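# Working through the structure, step by step
One letter stands for each residue in the lines below.
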Amino acid sequence: MAQSPLVECSSLAAHRLPLLVAANVTPRPPLISASKLQLLPPVKGGHHCLAPPNSVSVGDMTGGSQTDGARGATVNDARGAWSLRGGTRTAPRGFLVRPHLSLDRFWLAGIRVVEVSAPHGFGKTSQLAQWQREAVVSGIPAISLKIEERDDASRLIQRLTDAAMRIEGGLFSQAFADWIGSCADSRQALTAWLAEVTEAPDEVLLLLDDVDLLSDDSLSALEYLLANAPGNLRIMLGLRPNARLSAASILDGTPMLRIATRELRFCEEETFSVVQQALGEHGSTDLAIRIHEVTEGWPLGVRLAVASQLRNAMPRDLEVTVTTDIGRYFVDTVINRLPAPAAQMLVALAHLDPIHPDLCRTVLGPNAPVYELDRLADESAILTRGESGPWLRLYPTAREILTQRHRSLPQNERRGFAVRASQWYAEHGLFEEGAHQANLAGDHTTAMRLVESGLRAMTEQGRSSEVLGWFSRMPSAEIREHPGFWAPAGWAFAMSNRTEEARRLVELIRQSADVTEAARYEADMILSTCAGYSDDLRELEEFARKWPAPPASAVPSEIVIHAVSFAHRAILSGRTELARQCLSAQQQNPDAISPMSWGFADLLMGLSYLWEGKPKIAYEALRKALARAESQLDRWNRVVSMIAAALAQACLETGRTDEARRLLALRLPILEKQGLPDVVIIAYRALAEIADEEGRQDQAAVQLASLATLGRERGIPRMEASALRGLANLHARHGRIRSAAVEAEKLKELVAALPADLPTAIMLWCQLQERLAMAAVLAADMNLARLEEAVAIAEEGSRLAARLNRGSDLVLSLFLRARALKKLRDARALGELAEATSLCEATGMRRLSNEFSDLGDRIEGHGNQELPRIVKPTAPPLETRSILTPREFDILCRLVDHMSNKEIARSMGLGEETVKWHLKNLYLKLGAGDRKTAVSRARTLGLFHPI
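Remember, it's a predicted structure, so these values are computed and weren't measured experimentally. (Residues numbered from 1 in each chain as written. Predicted model: local features only at pLDDT ≥ 70, side-chain atom pairs only at ≥ 80, totals over all residues. Heavy atoms only, no water.)

### So, the sheet that holds strand β3 (residues 113-117)
Two modes of strand pairing occur in sheets, parallel and antiparallel, and in both the strands are linked by backbone hydrogen bonds. Note the following rule: When DSSP finds two or more bridges between a pair of strands, those strands are recorded as paired. Strands are runs of DSSP state E lasting at least two residues, helices are runs of H or I lasting at least four, and both sets are numbered from the N terminus onward. Convention adopted: a line fitted to C-alpha atoms gives each axis, helices being fitted over their contacting stretch, and angles between N-to-C directions are expressed from 0 to 180 degrees. Should any heavy atoms of two residues lie within 4.5 Å, those residues are counted as being in contact.
Strand order in the open sheet formed by five strands is β4-β5-β6-β3-β7, and the pairing between neighbours is parallel. Bordering the open sheet on either side are β4 (142-146) and β7 (256-259), each of which pairs with just one other strand. Taking the axes of each pair of neighbouring strands and ignoring which way they run, one obtains an average angle of 10° across the sheet. Both strand β5 (residues 204-209) and strand β6 (residues 233-239) contribute to a ladder of five bridges, which runs parallel. The residue bridging leucine 207 from the neighbouring strand is methionine 236, located in β6. Packed on one face of the sheet, helix α8 (residues 216-227) meets β3, β5 and β6 and runs near 145° to β6.

Spelled out as structure tokens, the structure:
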């Protein structure tokens, strides 16, 4: 649409008109069609970012276009930061600042107009208020106005002028404001208003909320403003989705962006932030994740859930409490206010998921008020629009309420609804939905026939529990009559560690009279998957021998799973590079491959790097893999959970403990039942490390003991061996030598009892755990003979780690040798420490490096000379005693022993904050910035004397 022509205005503004015209012809970035806006993958911090097609991501806006004087949000002019005298809409207390929606990101990208289009409860008004606050802090004049229904064109312009005058310093002169008030021609007044904005020394931000309330007259004025906005005016519009305004059709050559419901939903991290802000120490990670799941990230729902927690910090059932509050909100604000026909329609549709207008007409008849569905989706959260097309879904809590009312309808009426819905879904290829409706109608035969057609899709989407749910409804006598169930149910059993049930279905496939090569291949792949879950390396080897390459009949997803099987086998044998070659060779079009297959491939790729002890590379690979998997699969899907667990391990190793904790929240039950052995080991060990880091050694021991029990129950010695090694390390780390020795002895007995025909790789793994556990125990002792044994055992562990290509275990063995050699006052400790530290720096193993950071104080700087005697602190001499207070000196002595703040506080009977206060004074007196420097300075000042 061409820009509207400018009209003459009074002499007050006429001299500025050429500037306005010049601003309008300034070259600008190309138009970004609102219909083609896309959500890019999450960027740093896991947030989504908005960007137009073929443009610079708003997540990386440092390279964005800056035309018409666009500037970042850090600019201040000579007048200082702008502030508002009045009319400022403040965000609600505790409002979440969302980096992916920050003002400066749009500013730097050259976005001129932003539409925030969302129903009630998604934070539209709060987001506009946040942008206003950001503008004020950054020195950007911000004109903010909330549209009212009575605003005609003249009143709208007058209110815009008043809002501009309320900015400190006044954007306009009083004479101009008086002229606007007296101007009878609204088009002329608006032209003058725009010309006045052009004269502003800086860019100006205009925020208009509730634009959907505009009358025809005022809407025309706004469209004129948008079409003729000068280059120094940025505009943010808040409106409901049903608004008549279409800025994209008005703005000719001006980049704009539309932010909709999808972008305003909270991601997990944002829900966690809101819960933490409101509940403090009571806002645990698990609680935040549960709230996020119940509310699906709906901002108002999250706040209602937080409010329920503030009323009752220990509810018996969080889901019941939260859904009750959210349900009451929907009843009071939406359902009870609907016209009777619309409310009755929602009750009748409660059992449908998803909902389509044509489906509603089929089920309820042509006179159903289907138009109400669009209105409800535009104005409330009770109905959510799909990604494309007219599909809708009821909010789960609203569905529960409506379903209760649906059950009170006459049975024949309900059955009629279900029969018609089943037929419609089936005709449109939605077989599972059709089967569900047939089941509600009592037609179980039709339900089984329909669901059999949709089992493949359910398997590819990783919905194994639903597959098994339908399978369990089938009488055992009928299983042979439904061959379409065999392979999908076999996959579901295999990935749920139900190997025997999977094998029975594989036998049915093999014994089928018309079995094809493709069916035999799939049956063998199911057994290969069973082998992966049961740690059966022999079965993996057998599959590789039988099928060195996929048959010609294999589909793309099967080819990827074939590569995954080969990669898994290679990793267990320590051939990680070969594993990556297997996976990289299958890089095909993701659209042709099921998300489950891609998820397994991404998981194995990340595990290969973790196996090698390269957590930094693993973190980058797994972070991208998790984003891709979560965009296509449910959070609680087994593959998503396994990728999250592997990423948590990478986070822990690279010093991102909080992120690791969030990734593992509530996922352990899924991993226990549906996780590969390596992922289960990773999850339990990571949770134990986190607990230990938080000072909860008892909880760490419980996690490791649970892993050992699970390993025994599943008959997987690698699990039990890893758990016993973890327990030995835990006790040794905290000086409990006897307890550590008991766990190491259990591990030794486990290894001795392993069958002689166990695959070599599995045997080597268990032996490695035993050697490292024993080395940790002996290195923690002070007996010279035991220390010499520790050096030898750690060296054995080093050789085993090298055979299996276990990078982190190799570095650990070097550290353990360094610790034992240091206690022996052997100069070789320096070389071992230097090697281990260098490997940690190269690969990003920060946690392991920090665990052995105490070795550096006493070895560094001595070259190959004999190490000095161990120095212990004694009372300072009289001439230096006045430097520190007695309490500060006591704390310094504990720093020498490498005690944490919590350990110091516990040993001295002080609060942790008191210890931090004394440490601050200690650092100040010694001119030190950290613990290591403080100890070094204390030695230099002669505060310690050798004993």
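Next comes the rest of the account.
### A few points about helix α17 (residues 371-379)
Inclusion rule: For every residue, the accessible area obtained with a 1.4 Å probe (protein chains only) is divided by the maximum for its type, and the residue is called buried under 20%, exposed over 50%, and partly exposed between those limits.
Turning to α17, its buried residues are Glu372, Leu373, Leu376, Ala377 and Asp378. Looking at the buried positions of α17, the neighbouring elements they touch are α15 (340-348), α16 (357-364), β8 (383-385) and β9 (392-394).

### With respect to the environment of isoleucine 762
Mapped onto the elements of the fold, isoleucine 762 is located in helix α38 (residues 760-779). Its relative accessible area of 4% is what places isoleucine 762 among the buried residues. As for isoleucine 762 and leucine 804, which are separated by 42 residues in sequence, their C-alpha atoms are 9.9 Å apart.

### Regarding the confidence of the model for the protein
Worth spelling out the cut-off: Every residue carries a pLDDT, the predictor's confidence in it, which falls somewhere between 0 and 100.
Residues with a pLDDT of 70 or more make up 83% of the protein, whose mean pLDDT is 82. Segment residues 1-94 is flagged for pLDDT under 50; beyond a separation of four residues in sequence, or across chains, it makes 219 contacts in the model. Scored below 50 in pLDDT, residues 858-882 makes 53 contacts in the model with residues more than four places away or belonging to other chains.

### Notes on the packing of helix α45 (residues 886-896) against helix α47 (residues 912-926)
Any two packed helices are characterised by the angle at which their axes cross and by the distance between the axes. Counted only if it meets this: Oblique is the label for every angle not falling under 35 degrees (roughly parallel), over 145 degrees (roughly antiparallel), or within 65 to 115 degrees (roughly perpendicular). Side-chain classes are defined by residue name, with Ala, Val, Leu, Ile, Met, Phe, Trp, Tyr, Cys and Pro counting as nonpolar, Asp, Glu, Lys and Arg as charged, and the others, Gly among them, as polar.
Where α45 contacts α47, the axes come no closer than 10 Å and their chain directions differ by 90°. In this view, α45 runs roughly perpendicular relative to α47, as classed from their interaxial angle. Where α45 abuts α47, its residues Arg887, Glu888, Ile891, Leu892 and Leu895 lie against Val915, His918, Leu919, Asn921, Leu922 and Lys925. Classifying every residue of the contact of α45 with α47 by side-chain character gives six nonpolar, two polar and three charged.

### What about the packing of helix α34 (residues 677-693) against helix α35 (residues 697-714)?
For the record, the criterion: The crossing is said to be left-handed when, going from far helix to near helix, the turn is anticlockwise and less than a right angle, and right-handed when the turn is clockwise.
Interhelical geometry of α34 versus α35 gives an angle of 165° and a closest axis separation of 6 Å. Here α34 is positioned roughly antiparallel relative to α35, judged by the angle of their axes. In terms of crossing hand, the pair formed by α34 and α35 is left-handed. In this structure, α34 contributes Pro677, Val680, Ile681, Tyr684, Arg685, Leu687, Ala688, Ala691 and Asp692 to the contact, and α35 contributes Gln697, Gln699, Ala700, Gln703, Leu704, Ser706, Leu707, Leu710 and Arg714. A class-by-class count of the residues in the contact of α34 with α35 yields 11 nonpolar, four polar and three charged.

### Details of the environment of tyrosine 684
Where we set the bar: Throughout this description, a polar contact denotes any pair of N or O atoms lying within 3.5 Å of each other; where both atoms belong to protein, one of them has to be capable of donating a hydrogen while the other can accept it, and for residues adjacent in sequence the pair is counted only when both atoms sit in side chains.
Residue placement: tyrosine 684 occurs in helix α34. Looking at tyrosine 684, the relative accessible area reads 2%, which means it is buried. With 39 residues separating them in the primary sequence, tyrosine 684 and alanine 723 have C-alpha atoms 8.4 Å apart. For tyrosine 684, the residues in contact, after removing those within four places along its chain, are Leu668, Glu672, Gln703, Ser706, Leu707 and Leu710. One polar contact links tyrosine 684 to glutamate 672, side chain to side chain, over a distance of 2.2 Å.

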